[in-house]
Amino acid sequence: MSSTDPLSQTFAALADPTRRAILDRLAKGKAPVGELAAPFDISAPAISRHLKVLEKAGLVRRETDAQWRRCSLQPEPLMSVDKWIGKHRKFWEQQFGQLAGYLDRARQIQMRAEQAGTKPKAMKGRDGGK
């Protein structure tokens, strides 16, 4: 897989906390570059580089209106990330569901053993206890 595929570019852009903070601000609405730079103790060229990474990933669009340069959030790449994560979320939810079932059965066995005054037998997992 190429490192320039859209999903990889989006994850690379999201990897930096400054860029994530810029996106958080833009989620509230369009903003001029100066306003985006204000919370950070970094140079204007550094902010510009961050914005270029976000633009290249398709997360931000810069518009020029007279002397103003405004940025806006472009949500499409984030929707692709959500879709990708959603696939993995389903897998892990199934795994956690199976673990919860196993733990419930183990608790029931433990409670029955305590009520009978015996030690519980070891439970066998899906692999037969191997």
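Reference entry: report on the structure contained in this document. Keep in mind that what you see is a predicted model, and the values were worked out from it rather than measured. (Residues numbered from 1 in each chain as written. Predicted model: local features only at pLDDT ≥ 70, side-chain atom pairs only at ≥ 80, totals over all residues. Heavy atoms only, no water.)

## A look at the overall build of the protein
Line of reasoning, step 1. The number of helices and strands found in the protein is 5 helices and 3 strands.
Line of reasoning, step 2. Along its sequence from the N terminus, the protein presents helices and strands in the succession α-α-β-α-α-β-β-α.
Line of reasoning, step 3. Counting over 130 residues, the protein shows a buried share of 23%.
Line of reasoning, step 4. Partitioning the contacts of the protein with sequence separation of at least 6, the portion at a separation of at least 24 is 45%.
Line of reasoning, step 5. Accessible surface, the protein: about 9,500 Å² in total, of which carbon and sulfur atoms supply 56%. (Helix = DSSP H or I, 4+ residues; strand = E, 2+ residues; numbered from the N terminus. Buried < 20%, exposed > 50% of the residue type's maximum accessible area, 1.4 Å probe, protein only. Contact = heavy atoms within 4.5 Å. Areas by Shrake-Rupley, 256 points an atom, 1.4 Å probe, with all protein chains shown as cover.)

## Topic: the packing of aromatic side chains
Line of reasoning, step 1. Following the criterion strictly, the structure yields 3 aromatic pairs and no others.
Line of reasoning, step 2. For the pair Phe91 and Trp92, a centre-to-centre distance of 4.9 Å together with 80 degrees between the ring planes defines the contact as edge-to-face.
Line of reasoning, step 3. The class for Phe91 is partly exposed, based on a relative accessible area of 41%.
Line of reasoning, step 4. Considering the side-chain rings of Trp92 and Phe96, the 6.0 Å spacing of their centres and the 35 degrees angle between planes classify their relative orientation as tilted. (Phe/Tyr/Trp six-rings, centres within 6.5 Å; stacked < 30°, edge-to-face > 60°.)

Fair warning: the whole summary comes from geometry, so function is off the table for now.
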